[in-house]
Amino acid sequence: MGKRLKISVIFVVLALLLSACAQNGSKTASDGYKYNHELNVIDDNYRTYYEVFVYSFCDSNGDGIGDLNGLISKLDYISDMGFNGIWLMPIMPSTTYHKYDVIDYYSIDKQYGTLDDFKRLIEECNKRGIKVIIDLVLNHTSTQNEWFKSAVSALEKGQDSKYIGWYNFQKGKPASDTWHKAGNSEWCYEAKFWEGMPDLNLGNEELRAEIEKIAKFWLDLGVGGFRLDAAKEYYSGNSEKNIEVLKWFTDYCKSVKKDCYLVAEVWDGFSAFSKYYQSGIDSLFNFSFGQATGKITTTLNMAGSANSAKSYADALCFAQKTFLSYNPNAIDAPFFTNHDTGRAAGYFSYNADKIKLAWGMNLTMSGSAFVYYGEEIGMTGSGRDENKRAPMFWSNSNKEGMTNPPPNMETQENHFAPVDEQLKDNTSILNYVKRAIRLRNENPELARGILTIIPLEDEETCAVLKSYDNSSIIVVYNLSETEKQVTIKKSDFAYDGIRGYLSVNSQEPNLDGETLTMPAYAIVILK
Ligand SMILES: [Ca+2]
Ligand SMILES: [Ca+2]
């Protein structure tokens, strides 16, 4: 071949490659994935959140306890994973390692750092387009909180104090095991979870004014909103009153910062928690799809038509319809695990394929999705609470930043590699999760789309249409352990081709006309 001919052949090949890329707007990634598209991240309240337990995340000063500066040092990691939101578990001064018993609502626990560190965290997050929401515990305080100490001291002396009305006190002996004696007084106080956490009386107007002050304090510091702990127990057994509390608090926060984001924990069955959307709150954690007993796990672990892929798509559509019927602006908050549930690896006996697919299902759900730290590497954790909050497993060889376990944690043996090793492995759980978040960040329809079921013949597969802002994508799920072929007629649901996919191994999907061949456990997006 002459030199000139060689050059022109190379030129033609290059031109063909370039035009092929231009045709579908996609680029091939270093791992061979052919469908990388430009990011299309919208700055609204449909985000992908990373739930961080600061205590166990990253230690910057060598005392073995995670801290805000340690978290700041990992923001590039979090941002590279594609997260554009962080939920911080409680950071305020507290007597416990978990810090759900708050002593002072206007400060940072010394173990974690200072308010200046927090301000720097917000600044650094702002630079990366990450919205920070913080845990706000309104059901109870610590017994060491000045409010409670003042109330008990007044009761002991038979004096009056405005703080007495901030809690639930009753004269006489404790009526049940959620009531405890208040110091040396003749009174007892309600503490739903633990005697060290007295329940607040959220009907008290002065307390509400104080809570508004607290919310404004943090919103002014730059937090993007709040995760509201234990909203079902504000008034245990009285959802109407709880909904009223959420409405008051939501209205107040939105009056301070219109685009703030509120998500509440109402740990209950589907019909019970969805009703809370009547409060106008943005989001409620979707307990029906997450956890070991939720729809994702039962679909992947149990055979039979009640757990078929079709039933999964039906459940997705029913959930969205229900939430929107209570609040037209409802944003679902799908999570798969959190600090109170066992870690996902254990739900599937450490089967990496199922762990990946579960995250794929979670991260292709509409709404703001939440991923608990360490889940992206399939960390181990079950049983007592401390076990579920183990030190983030950054590396085997480099212990820098790694924390000590929470007190009383039993040894947790990780079955999967640490972050530094998984980052380098194209087929790791971490890189699967990263790709799933990338798909959310490329396709606004994934998080924001209104769902329509696309009927498929095979019950181990399902498909939904997601429409948002005059654009639609089709998400197809193969929830079986074998390859499947699926046919979706372009005359019924318009699409050009494969837009992206999630595969639990290196196998790729293929579209031939209207016939889509899907590897086992694959999720494919058509557009
Ligand atoms: Ca530290
Ligand atoms: Ca309560």
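Above this note sits the structure.
Along each chain, residues carry numbers from 1 onward, in the same order as the chain's sequence is written. As they are written, the chains are lettered A onward and the ligands numbered 1 onward, keeping that order. pLDDT decides what is reported in this predicted model: residues at 70 or higher carry local features, side-chain atom pairs at 80 or more are listed and counted, and totals for whole chains, interfaces and linings draw on all residues regardless. Where side-chain values are given, they derive from all heavy atoms of the structure, hydrogens and water being excluded.

A.B. asks: An account of the coordination of the calcium ion (ligand 2) is requested, with residue identities and associated values reported.
C.D. replies: Coordination partners: N, O, S within 2.8 Å of the metal, 3.2 Å for Na, K and Ca; water not considered, so apparent gaps in a site are possible. Every protein donor of the calcium ion (ligand 2) is listed here as Asn 139 (OD1), Asp 199 (OD), Glu 233 (O) and Tyr 234 (O), and their distances to the metal cover 2.2 to 2.8 Å. Written as a sequence motif, the donor residues of the calcium ion (ligand 2) are N-x59-D-x33-E-Y. Here Glu 233 lies in the loop between β7 (225-228) and α7 (239-256) and Asn 139 lies in the loop between β3 (131-136) and α5 (146-157), a separation of 94 residues in the sequence. When sorted by exposure, Asn 139 lands in the same class as Glu 233, which is buried. Helix and strand definitions here come from DSSP, where helices need a minimum of 4 consecutive H or I residues and strands a minimum of 2 consecutive E residues; each element is numbered from the N-terminal end. Burial classes: relative accessible area under 20% of the type maximum marks a residue as buried, over 50% as exposed, and values in between as partly exposed (1.4 Å probe, protein chains only).

A.B. asks: Lay out the layout of surface pockets with the relevant residues and their values.
C.D. replies: Using a 1 Å grid laid over the protein atoms alone, points where a 1.4 Å probe fits but cannot get out form a cavity; open sets with protein on both sides within 12 Å along at least 5 of 7 lines form a pocket; any residue with an atom within 4 Å of a point counts as lining. Grid points are joined across faces, edges and corners, and a volume is the space filled by probe spheres set on the points. When its volume is computed, the largest pocket comes out at roughly 980 Å³. Lining the largest pocket are 46 residues; nearest its centre among them are Met 81, Gly 82, Lys 434, Arg 435 and Arg 438. For the lining of the largest pocket, the element with the most residues is helix α14 (residues 429-442), which contributes six residues. Note on residue categories: nonpolar means Ala, Val, Leu, Ile, Met, Phe, Trp, Tyr, Cys or Pro, charged means Asp, Glu, Lys or Arg, and polar means any other residue, Gly included. Its residues assigned to classes, the lining of the largest pocket shows 15 nonpolar, 18 polar and 13 charged. As used throughout, domain bounds are those supplied by an automatic or database domain assignment. Split by domain, the residues of the lining of the largest pocket number at least three in each of domain 1 (48-139 + 202-444) and domain 3 (450-527). By volume, the second largest pocket amounts to about 410 Å³.

A.B. asks: Any details on the pairing of β7? Residues and values, ideally.
C.D. replies: Alternating residues of β7 divide into Gly 225 and Arg 227 and Phe 226 and Leu 228, and every residue in both groups is buried. Note: β3 against β7, four bridges, orientation parallel. Bridging from a neighbouring strand, Ile 133 pairs with Gly 225 of β7. Sheet topology note: the β7/strand β8 (residues 261-264) ladder contains four bridges and is parallel. Residue pairing for β8: Gly 225 is matched across the bridge by Tyr 261. Running through α7, the crossover from β7 to the neighbouring parallel element β8 is right-handed. Two strands are counted as paired when DSSP detects at least two bridges linking them. By convention, orient the strands away from the viewer: a clockwise path from the first strand over the helix to the second makes the crossover right-handed.

A.B. asks: Can you tell me about the sheet that holds strand β14 (residues 484-487), naming the residues and giving the values?
C.D. replies: Two orientations exist for strands paired in a sheet by backbone hydrogen bonds: parallel and antiparallel. With respect to topology, three strands assemble into an open sheet ordered β14-β17-β16, the strand pairing being antiparallel. Looking at which strands have only one partner, the edges of the open sheet turn out to be β14 and β16 (510-512). Adjacent strand axes in the sheet meet at a mean angle of 20 degrees when their direction is disregarded. Geometry is summarised by axes, namely lines fitted to C-alpha atoms with helices restricted to the contacting stretch, and by angles between N-to-C directions that run from 0 to 180 degrees.

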